[in-house]
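Observations on the model geometry
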Amino acid sequence: MQKRNLFCLLLFLVMSLSVYGKTNLTHIKGINSIGLHSGTGFVNSWDVGLSYNYYLAKYWSFSTNIDFEKGKFGKSDFMGLSLGFGVEAAVWQPLTWMYIHLYGHSIVGWDWWNNSDMNISANGVTVGCDLGLNLEMYAIPELSFVLAAQENFNYGFYDIGHYYYFRPLFSAGMRFHIK
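None of these values were measured; they are calculated from a predicted model.

Thresholds applied
Residues numbered from 1 in each chain as written. Predicted model: local features only at pLDDT ≥ 70, side-chain atom pairs only at ≥ 80, totals over all residues. Heavy atoms only, no water. Salt bridge = Lys/Arg side-chain N within 4 Å of Asp/Glu carboxyl O. Helix = DSSP H or I, 4+ residues; strand = E, 2+ residues; numbered from the N terminus. Buried < 20%, exposed > 50% of the residue type's maximum accessible area, 1.4 Å probe, protein only. Pairing = 2+ DSSP bridges. Axes fitted to C-alpha atoms, helices over the stretch in contact; angles between N-to-C directions.

Topic: the pattern of salt bridges
Taken as a whole, this structure holds five salt bridges when the rule is applied. The shortest N-O distance in the salt bridge between glutamate 69 and arginine 167 comes to 3.1 Å. Highlighted residues: glutamate 69 in strand β3 (residues 60-73) and arginine 167 in strand β8 (residues 161-178), separated in sequence by 98 residues. Residue classification places arginine 167 among the buried positions, given a relative accessible area of 10%. With a closest N to O distance of 3.5 Å, arginine 175 and glutamate 136 form a salt bridge. Separated by 39 residues along the polypeptide, arginine 175 in strand β8 and glutamate 136 in strand β6 (residues 120-140) bring together distant segments of the chain. The burial state of arginine 175 is the same as that of glutamate 136; both residues are buried.

A few points about the environment of histidine 162
One can find histidine 162 in strand β8. For histidine 162, a relative accessible area of 47% corresponds to the partly exposed category. Sequence spacing of histidine 162 and valine 125 is 37 residues, and the spatial spacing of their C-alpha atoms is 9.9 Å.

A few points about the sheet that holds strand β1 (residues 32-40)
In spatial order, the strands read β1-β2-β3-β4-β5-β6-β7-β8; together these eight strands close into a barrel with antiparallel pairing. The mean angle between the axes of side-by-side strands here comes to 20 degrees, regardless of whether they run parallel or antiparallel. The pairing of strand β7 (residues 143-158) with β8 spans 16 bridges and is antiparallel. Paired with tyrosine 155 across the bridge in β8 is tyrosine 164.

The following block contains the structure:
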């Protein structure tokens, strides 16, 4: 099963890269994008956030996000605030109004954990990174809609110990583009 998934991913990347060189992407250097998004990682959590992109070149943009997440995992309640800085690359434009991007961020944040049954609370600084893929669809040049999937890896320095964890996020949002 894992070999088949890896093969499908590699096939997708090869096809994307072969098309990448033949496409004429229309992102314009100097465009600013401000976005809103909301999503979930699991059924028992939700996330809301703001994003900002500045297009450095035709295929690349500087990207930053601020996210707030709240969830319940077993008997524990969780809240987290994170700030990410990274890049977003346009890798394919299958239609004139649609882009597929790959992105990655370095993340710093603050987490709060609480287990009322055991009367334990923990909070502290987290560091990590995320990698993701999004599909951006332009309704008009000033407005686009984004569907995204990403995986975060976080390491938390909590007052009761240090822990690492993965945090998936599936989100939908919109971006406003300003020249």
